[in-house]
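Fold and contact review
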Amino acid sequence: MRIFFFLYLLVVPTLLFSQEKNTSKNNLDMNTKYSSITDTLKKKKAKIATIDQYQIITLEHDTTYVDTSLTIKSAYRQNYLRKDNFGLLPFSNIGQTYNTLQYSLTDYSPYPEIGFKGKHFNFLEANQIQYYSVATPLTELFFNSTINKGQNVDSFITLNTSKNLNFSLAYRGLRSEGDYINQLTSTGNFRMTTSYFTTDRRYILNAHYTYQDILNEENGGITTPEDFESGDKNFANRQRLQVYLTDAESFLKGRRLFFDHGFRVNPKEGSNNLYVTHQFNYENKFYEYNQPTVTSIADNTTILRFGESYVTSGIKDQTRFEKLYNKAGLAYENILLGKFNFFIDDYRSNYKYNRIILGDEGVRIPDNLFLQINNVGGQYEYQKNKWNGRFLYTRSITNQSLSDLDAKLRYDLNDKIKFDFRYRNINKLPNNNYNLYQSSFLKYNWYNNFKNEKINTLSANVFTPWLNAEVQYTVLKDHLYFADVSNPAEKDTLTQIINPAQYGKVINYLSVKASREFRFGRFALDNTLLYQKVDQSDLILNVPDFVTRNTFYYSGYFFKKALYIQTGITFNYFTEYYGNDYNPVIGEFFVQNEKKIGNYANFDFFVNARIRQTRFYLKAEHFNAAFSGNNYYSAPNNPYRDFVIRFGLVWNFFQ
């Protein structure tokens with residue numbers, strides 16, 4: 001660009017002065033040369049792509065742009081999940097499960113899934129896959145160090161072979177050893193997407209393929225919390241702490257083929273348009289729990305942690321799940337009235353084992369659950385001036401009583417002030433592992449016919465330059481959960497028996513979340529506060545009353561603005577409560593009311609830097625662990641992570 005500009009300044013004045021006395025023909029030639037140079041410069045400028053030409057598109061066709069900035073909000077997303085994990089409490093090793101501090105983060109689908117929700121925090125569902133449209137090939141490389149040996153990487157590339165056709169490939173891989181015995185994690189998430197539309201946008205297609213696998217060594221937690229809490233230097237090496245399981249592991253894998261496409265019936269887009277839509281989703285999942293050694297050692301005593309088993313060694317519990325979903329619709333769009341979409345869908349799933357079990361008293365536990373569900377529904381979308389709404393209602397026309405009412409409304413007062421409102425009423429079928437589960441452990445076999453869960457949620461969000469606030473009120477009825485049903489004799493021998501249960505009474509849940517950043521020159525204080533209140537007759541839905549995150553940091557430019565730096569301290573805290581415990585056999589959290597966790601401070605020191613499109617992250621996590629006492633847990637018997645220094649970077653290439 002500078003060379004062209006220099007030539008422009010040099011050549012054009014020379015031509016003007018040298019041709020000052022020429023004839024009109026020469027003047028015409030000069031003007032032609034002048035125009036040619038100007039056109040060349042304009043074409044050169046046009047080749048520079050702007051950031052709004054690098055689009056990220058969701059399944060609902062909401063569009064955002066690639067963000068290479070360094071802010072405190074983007075720094076919160078530099079973790080294993082690649083999103084702000086406020087309200088989630090990680091276990092000690094990266095790639096393990098998360099305890100849920102903020103219940104309003106729970107996402108619902110009216111359809112039954114495989115279950116094993118404790119294994120799905122990093123499992124990307126169909127509505128989480130993003131599609132792209134870019135002016136030039138875009139690459140992003142993510143790296144983060146882990147706990148002891150290992151690495152966490154996420155590589156991504158997308159390109160448009162033409163204006164109408166885009167492809168993307170991405171792979172996220174993790175391997176982390178951890179601090180404790182039998183805690184290795186190894187995960188992989190492969191994603192491939194494509195987007196296509198005709199020039200007149202008469203046909204639009206979004207499609208993706210994923211293969212994901214999540215392997216966790218499972219140690220079941222430490223057997224002697226008193227050794228951990230004592231602060232004894234002999235146990236500073238966490239490998240010296242005894243755990244319940246020394247060779248167990250769980251494995252979840254899944255494949256999915258998905259496409260969503262639509263065709264406009266009328267040849268040219270006008271004030272009235274008619275569309276035919278279709279969505280296809282085929283997915284299979286496989287969950288396996290392995291425990292070669294059935295017995296465990298606790299306090300130098302041999303125990304059966306999960307009770308008696310059919311086999312004396314080599315437990316290998318396997319669950320398979322297949323799902324086929326088709327949705328066909330007809331949509332009418334009017335420039336004044338909005339968009340009306342009417343559809344019918346077909347959901348089929350097969351949740352299966354390779355045997356039939358005859359339990360106590362002749363109870364027969366089948367080998368599969370096959371479901372076929374058909375729904376009809378409609379969706380209305382409206383967007384005009386400052387209002388944007390989407391209203392969805394579906395109801396089953398087969399024997400299952402299933403329904404979903406989802407109403408969203410947004411009002412944009414201006415570019416900086418927005419209001420969101422949402423009401424949702426779901427009649428949800430239980431996940432399959434509530435109704436059927438088979439295991440080599442005798443008391444981990446069940447066959448149930450639970451009622452549907454009824455969930456009513458009302459929420460409102462406000463986004464302003466001064467304060468962001470979220471309020472949610474939820475009423476739960478026939479809530480499903482996992483409970484510890486061990487009898488007193490089993491508890492005395494440290495045996496843990498977990499079974500599904502349904503709570504027939506009503507649970508009322510309220511959450512209020514607010515965030516605000518205060519700036520003082522180059523210093524800033526970013527605050528996020530969550531308050532939760534649960535009204536229930538029994539301790540079933542347990543969450544902390546308060547959760548807070550406060551970050552005090554400095555930011556500024558250096559070396560003639562070539563380097564941008566943020567550095568500061570983050571404080572995390574939540575009040576004491578009966579946190580859910582984790583059971584590796586079923587890959588689920590369960591309700592307990594014997595041990596409280598929380599009421600400990602967690603401080604992180606960080607230095608973040610940005611050079612062009614590259615961001616660097618250095619963090620000393622939980623640096624106060626060395627002097628604040630060992631009372632920090634992610635779940636009973638599962639300590640939170642110790643002090644660790646980690647490094648990461650995100651590097652974008654615009655080619």
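According to the stated counting rule, one finds 28 salt bridges in the structure shown. Between Arg-390 and Glu-60 there is a salt bridge, and its shortest N-O distance comes to 2.6 Å. On the criterion of sequence distance, the pair formed by Arg-390 in strand E20 (residues 387-396) and Glu-60 in the loop between strand E1 (55-57) and strand E2 (63-65) is long-range, its members being 330 residues apart. Residue classification places Arg-390 among the buried residues on the basis of a relative accessible area of 18%. Given the relative accessible area of 39%, Glu-60 is considered partly exposed.

This part is about the packing of aromatic side chains. Per the counting criterion, the structure on display carries 41 aromatic pairs. Aromatic side chains Phe-116 and Tyr-287 sit 4.2 Å apart centroid to centroid with 20 degrees between the ring planes, which places their arrangement in the stacked category. Placement of Phe-116 in the loop between strand E4 (98-100) and strand E5 (131-133) and of Tyr-287 in strand E12 (residues 272-293) is noted, with a sequence separation of 171 residues between them. Summarising the burial analysis for this pair, Phe-116 and Tyr-287 share the class buried. Judged by centre distance (5.6 Å) and plane angle (85 degrees), the ring pair of Tyr-351 and Tyr-353 falls under edge-to-face. Aromatic rings pair up to connect Phe-116, Tyr-287, Tyr-351, Tyr-353, Tyr-434, Tyr-437, Trp-446 and Phe-482 into one cluster. Lying across the ring of Tyr-244, Arg-305 places its NZ or CZ 3.8 Å from the centre. The side chain of Lys-595 reaches across the aromatic face of Tyr-633, ending 3.8 Å from its centre.

A word on the side chain of Asn-79. With respect to the helices and strands, the residue Asn-79 is situated in the loop between helix H3 (72-75) and strand E3 (88-90). Residue Asn-79 is classed as buried on the basis of its relative accessible area of 11%. A polar contact of 3.0 Å, which involves the side chain of Asn-79, links it to the backbone nitrogen of Arg-82. Discounting chain neighbours no more than four positions away, the residues touching Asn-79 are Asn-85, Phe-142 and Asn-144.

For the rest of this paragraph, the subject is the confidence of the model for the protein chain. Per-residue pLDDT for the protein chain has a mean of 90; in total, 92% of the residues score no lower than 70. Of the regions scoring below 50 in pLDDT, residues 1-46 engages in 22 contacts with residues more than four places distant in sequence or in other chains.

What counts and how
Residue numbering note: each chain is counted from 1, following its sequence as written. Per-residue local features are limited, in this predicted model, to residues with pLDDT of at least 70; the limit for side-chain atom pairs, both in listing and counting, is 80 or more; totals at the level of whole chains, interfaces and linings are taken over all residues. Values shown for side chains rest on all heavy atoms present in the structure; no hydrogens or waters enter the calculation. Take a side-chain nitrogen of Lys or Arg and a carboxyl oxygen of Asp or Glu: if they are within 4 Å of each other, that pair is a salt bridge. Put simply, DSSP H or I for four residues or longer makes a helix, DSSP E for two residues or longer makes a strand, and each gets a number counted from the N terminus. Burial here depends on accessible area, computed with a 1.4 Å probe over protein chains only, as a share of the maximum for the residue type. Under 20% is buried, over 50% is exposed, and the range in between is partly exposed. A pair of aromatic rings is counted whenever rings of Phe, Tyr or Trp (Trp by its six-membered ring) have centres within 6.5 Å, and the orientation is called stacked for planes under 30 degrees apart, edge-to-face for over 60 and tilted otherwise. Geometrically, a charge over a ring is one whose NZ (Lys) or CZ (Arg) sits within 6 Å of the ring centre while staying within 35 degrees of the ring normal. Polar contacts, as counted here, are pairs of nitrogen or oxygen atoms within 3.5 Å of one another; within protein the pair requires one atom able to donate a hydrogen and one able to accept it, and residues that are adjacent in sequence qualify only if both atoms are side-chain atoms. Here, two residues are considered to be in contact whenever any of their heavy atoms come within 4.5 Å of each other. Every residue carries a pLDDT, the predictor's confidence in it, which falls somewhere between 0 and 100.

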